[in-house]
Amino acid sequence: LTKYKSRGGWTHGDALRLAHPVPAELERTWLYRYAVGKDIADMAAPSEYVLKAEELLHTEDSKQAIKLIAEYGFPRELVPTALLEKPEIWSALFSAGMPMTAMIRNLATMSRTGLIAPMAEETEKICARLLDEQVLKAARIHPIQILAALITYASGHGARRADTTWVPVRQVIDALVVSFYKCFKTVEPTKKRIILALDISGSMGAGTICGVPGLTPRHGAAALALVTASTEDRYVILGFTAAGSNALVSAMATYYPWQNGISELAISPTQRLDDVIRYISLLPFGATDCALPMLWATAHKIPADAFVILTDNETWSGAVHPNQALVEYRKRFNPAAKLVT
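Residue positions are given per chain, counting from 1 as you read along its sequence in written order. Local features are withheld for residues below a pLDDT of 70 in this predicted model, meaning they are given only at 70 or higher, and side-chain atom pairs are given and counted only at 80 or more; totals for whole chains, interfaces and linings count all residues. Side-chain measures here rest on the full set of heavy atoms in the structure, leaving out hydrogens and waters.

Hey, could you go over helix α5 (residues 87-95) for me, with residue numbers and the actual values?
Ile89, Trp90, Ser91, Ala92, Leu93 and Phe94 are the residues of α5 that are buried. What makes two residues a contact is simply this: any of their non-hydrogen atoms within 4.5 Å. Per the convention used, a helix needs a DSSP run of H or I reaching at least four residues, while a strand needs a run of E reaching at least two, with both numbered from the N terminus. Packed against the buried residues of α5 are α4 (62-72), α6 (100-105), α7 (107-112) and α8 (121-130). Two residues or fewer past α5, Gly97 is found with a positive phi of approximately 95 degrees. The classification of residues rests on relative accessible area computed with a 1.4 Å probe and restricted to protein chains. Under 20% of the type maximum is buried, over 50% is exposed, and intermediate values are partly exposed.

Structure (structure tokens):
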């Protein structure tokens, strides 16, 4: 009721008006009236938490804000915008148990305000949390979350506002790099037989994922390939390469001899992300013919539970439609095989 008063144009009041709940006790009645903006001054049994949250929302005194944060564990969303420019406020939020995801999202702000600085005590504490495997696992932090944070933080400037800048601290960058690989352990393996096919075309090096500057589809594909290699026991990683001596070539190569091949890639969990990105960037690429993973598995008689294609959606349909290739593979090897793009 206090942290997120609206989402996607909907408020708690909207939900209550649609649900028509009958409160079971007086305090819940008080909370419902508060949610729809009714007068609660004359009601008994108010919620102290809500009253103190309202006090924090409207205070201009940083000392009062710090006291309220420490006592009630209030989150960043309840702190007035003007106070979020003060490093002591962020220190209080961190000490009050700032959630891991919130901490990762606000690394840049904490650097801009001066809380995170070279060899500062708070910097050491934040880095220690980033490197704590138990904390990462409990918060269910996915490697891609860390990768996005790393690229954004290291850039030193905001995505939405070019005038929002900060000086990245090397210890934090190093901690994020290590944390990225530690987070592989938080990913739950599917225990399935997976054939992962990567689009390695030139367009994968352009554009962004989720609007994060520098986080290209190639970064995402390489990262997820490493995650798969590190978490799954049974997998094959393929790439949509140019037709060549080591590639399975689709029938369309008769007309386009420079493209439409698929080859097994040498990607292992022992590699680093930058090595994988460099490796797939230098491969001769072909068109992303989405039937090729199934045709490759059929030709090599490879049993698989899932075909996963990672692409920026510049896909190609060759002489065999992906659906036809999947149907044929299901008939011959595994009726339950899935195709995911």
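Please give an account of the packing of α8 against helix α11 (residues 170-182) that cites residues and values.
Only the stretch in contact is used when a helix axis is fitted, and all axes are lines through C-alpha atoms; the angle between N-to-C directions ranges over 0 to 180 degrees. Contact geometry of α8 with α11 gives a least axis separation of 9 Å together with a crossing angle of 10 degrees. When the axis of α8 is compared with that of α11, the two are roughly parallel. On α11, the residues touching Thr123, Cys127 and Leu130 of α8 are Gln171, Val172, Ala175, Leu176 and Ser179. Charged means Asp, Glu, Lys or Arg here, nonpolar means Ala, Val, Leu, Ile, Met, Phe, Trp, Tyr, Cys or Pro, and polar covers whatever is left, Gly included. Each residue belonging to the contact of α8 with α11 can be placed in one class, and the counts come to five nonpolar, three polar and no charged. We call two directions roughly parallel when the angle between them is under 35 degrees, roughly antiparallel when it is over 145, roughly perpendicular when it lies between 65 and 115, and oblique otherwise.

Tell me about the side chain of Ser91, and name the residues and values.
Topologically, Ser91 is positioned in helix α5. Exposure remark for Ser91: the relative accessible area of 19% places this residue in the buried category. Among all residues touching Ser91, those that are not within four sequence positions of it are Leu115 and Glu122.

How would you sum up the pairing of strand β8 (residues 306-310)? Please name residues and give values.
A large share of β8 lies buried, amounting to five of its five residues. Burial along β8 is two-sided: the residues Ala306, Val308 and Leu310 and Phe307 and Ile309 are all buried. DSSP calls a pair of strands paired once it identifies at least 2 bridges connecting them. Where strand β3 (residues 194-198) meets β8, five bridges bridge the pair, whose relative direction is parallel. Of the residues in β8, the one forming a bridge with Leu196 is Val308. Relative to strand β10 (residues 338-340), β8 runs parallel, the two sharing three bridges. Of the residues in β10, the one forming a bridge with Phe307 is Leu339.

So, the packing of α4 against α5: which residues are in play, and what are the values?
Running from N to C, α4 and α5 point in directions that differ by 5 degrees, and their axes come no closer than 9 Å. As judged from the angle between their axes, α4 and α5 are roughly parallel. Facing α4, whose interface residues are Ser62, Ala65, Ile66 and Ile69, α5 presents Glu88, Ile89, Ala92 and Leu93. Considering only residue class, the contact of α4 with α5 consists of six nonpolar, one polar and one charged.

Got a sec to walk through the environment of Val276? Specific residues and values, please.
Mapping Val276 onto the fold places it in helix α13 (residues 273-281). A C-alpha to C-alpha distance of 33 Å links Val276 and Arg332, two positions 56 residues apart in sequence.

Before we move on, can you summarise unusual backbone geometry with the specific residues and values?
Despite not being glycine, Arg140 shows a phi value in the positive range, around 55 degrees. Tracing the backbone shows Arg140 in the loop between α9 (133-138) and α10 (143-155). With phi around 80 degrees, Asn313 is a residue other than glycine that occupies positive phi space. If you trace the backbone, Asn313 turns up in the loop between β8 and β9 (315-316). A residue is classified by how much of its surface remains accessible, and Asn313, at 61% relative accessible area, is exposed.

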